[in-house]
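Analysis of the macromolecular model
In case you want the letters, here they are:
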Amino acid sequence: MLEAAGSPAAWAAPVAITSSLPPVDPFEPEMLPEALRGYVFDVADRQQSVPDFVAVAALCGLAAMIGNRVRVGPKQNDDWIEVPNLWGAIIGPPSAMKSPAMQSALAPVYALQDEMRQVWQATIEAGDIDDLLTSFDEKEAKKRAAKAIKDGDREAARAILAGLQKDDEDAPPCPRIVVNDATVEKLGELLNENPRGLLLMRDELPGFLARMESEEYASERAFYLEAFNGSGRFTYDRIGRGTVHIANCTLSLIGGVQPSRIAPIVRGAITGTSNDGLIQRLQLAVWPDLRSSWRWVDRHPSKEARDAFEKVFRDLHEFPLGRPDQPLVLRFSPDGQDLFRVWMEEIQSEARAGNLSPVLEAHLLKMPKTVASLALLFELIDGGKFEIGRTATLRALAWADYLRSHARRLYASGGTMVEDGARLIVERRGQLPDEFSARDVYRKHWAGLSDGETVADAIELLIKTNHCRETKRGETQMGRPAIAYQWNPALGASTQ
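As the structure is a computational prediction, the values presented were derived from the model and not from experiment. (Residues numbered from 1 in each chain as written. Predicted model: local features only at pLDDT ≥ 70, side-chain atom pairs only at ≥ 80, totals over all residues. Heavy atoms only, no water.)

Here we come to the overall build of the protein chain. When helices and strands are tallied, the protein chain shows 16 helices and 13 strands. Classification of the 496 residues of the protein chain by burial places 46% in the buried group. Summarising the internal contacts of the protein chain: among those between residues at least 6 apart in sequence, 75% fall at separations of at least 24. For the protein chain, the computed accessible surface area is about 24,500 Å², with 51% contributed by carbon and sulfur atoms. (Helix = DSSP H or I, 4+ residues; strand = E, 2+ residues; numbered from the N terminus. Buried < 20%, exposed > 50% of the residue type's maximum accessible area, 1.4 Å probe, protein only. Contact = heavy atoms within 4.5 Å. Areas by Shrake-Rupley, 256 points an atom, 1.4 Å probe, with all protein chains shown as cover.)

Remark on secondary structure: sheet strands pair via backbone hydrogen bonds, oriented parallel or antiparallel. Pairing in this open sheet of three strands is parallel, and the strands run β1-β9-β10 from one edge to the other. Unpaired on one side and paired on the other, β1 (70-73) and β10 (387-388) mark the two borders of the sheet. In this sheet, β10 lies alongside strand β9 (residues 328-332) in parallel orientation, the contact comprising two bridges. The residue of β10 that forms the bridge with Arg331 is Glu387. (Pairing = 2+ DSSP bridges.)

Here the focus is the packing of aromatic side chains. The relation between two aromatic rings is expressed through the spacing of the ring centres and the mutual angle of the planes. On inspection of all chains with the given rule, the structure shows 14 aromatic pairs. Ring geometry for Phe223 against Tyr224: centres 5.1 Å apart, planes inclined by 75°, an arrangement best described as edge-to-face. In this structure Phe223 comes out as buried when scored by relative accessible area, which is 0%. Lying across the ring of Phe228, Lys369 places its NZ or CZ 5.5 Å from the centre. (Phe/Tyr/Trp six-rings, centres within 6.5 Å; stacked < 30°, edge-to-face > 60°. Lys NZ or Arg CZ within 6 Å of the ring centre and 35° of its normal.)

Of note, the phi angle at Gln48 is positive, near 55°, even though the residue is not glycine. The topology assignment puts Gln48 in the loop between α1 (34-47) and α2 (51-66). The phi dihedral of Met97 falls on the positive side, at around 65°, and the residue is not glycine. Assignment of secondary structure puts Met97 in the loop between β2 (87-91) and α3 (98-105). Its relative accessible area of 28% is what places Met97 among the partly exposed residues.

So, on to the side chain of Lys369. If you trace the backbone, Lys369 turns up in helix α13 (residues 367-381). With a relative accessible area of 6%, Lys369 lands in the buried category. There is a polar contact of 2.6 Å between the side chain of Lys369 and the backbone oxygen of Val83. Not counting residues up to four positions away in its chain, the partners in contact with Lys369 are Glu82, Val83, Asn85, Phe228 and Asn229. (Polar contact = N/O pair within 3.5 Å; in protein donor to acceptor, adjacent residues only side chain to side chain.)

In structure tokens:
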């Protein structure tokens, strides 16, 4: 019910607006194979960051090392096969050391890429020298052919010139593992040049996600949704580039994001404005509690831990079995199969019981690919080549529980966004007119209040909690009453 401005009606006392994110499981050392464990926790200690960030970035990098050469068959007889590419996001405030954690985790990837580039450069230089020597041979051969023609021996001249023919192939493309920023067209070309697959590493993931939210880039969004599967194909037609067919859209992804930047995207998925499954594909999205204390650490990195860590990347990159066109497929051992089957039956039953939000339900239904991929990855790290055993499967299931707790926090942020926005409006009410409208709030472009629907929901919450109430302020051009809001006098003046 609308109240006239200055109405003497009594105000109820404001009710505090509270919100809290659900707890998450802590990261445990046993969740990683021993070859990775020492380095991950050594980096986290020296940087005074959380181990979650280093671990997730490392796993996404290792998934790119394998690419689509080795795949996992989650069932014994079915033709269900998954490529073990992984999509991760590390979520934390600017002070959480996200970028340094990713840089440390992916250092072996960049080192391998640099080595490949150096070999390629040497090959190109050697080829240039060979081309120059060949040109000398051609000149001499043409002289001999001309002399044969002059002597009337055309067949001899033909034979000499035939020896000059060679394949005129372009220089081989520079090999890549990591891509930081590329158009879909260029990324498609790079995938064709590197059929094993690539790692898309974004220091700031919101730019990528915001681009995917735009209607202008709907076709790019379709490509990335396909690339999550790792085994799909994609064809695009562009004027200038023509038709480009990508035989294997295999892409792993890792990036950092601040909570305030991911919450609006989550809310879009919850409200249905952008719920086509992109956010649910960030299966390795982690939002850990930060360290409660900080201390000065200045020591040399553990050489033993770093060497073991780097060896895992090199071994998987040089893994002798499997090719993109003839991949090696590993299945679970009997013990591993029973463990995975029981887990999958439980999660499928829960997802279909109707007790979960649609976005969390969709997230859980994509977890079997992720868990099976992690089990394969852990088995390969431990040196397995034939089947996925009990140890690797148990480790992957531990990740399933851990990642699920982080998914609950991620999707809860879409709801707490309204509470956070309402509190922000109260804190900054001094920047608004005495009688303010939703448009007045929206035009401020405050964090988390970037769309009209969120602003409206936040103001509705303020009304319910007695912080403000509706009042009339003239009429709109269409003759309808213009709704404004006035603050509860009990709030007093704002200092902001």
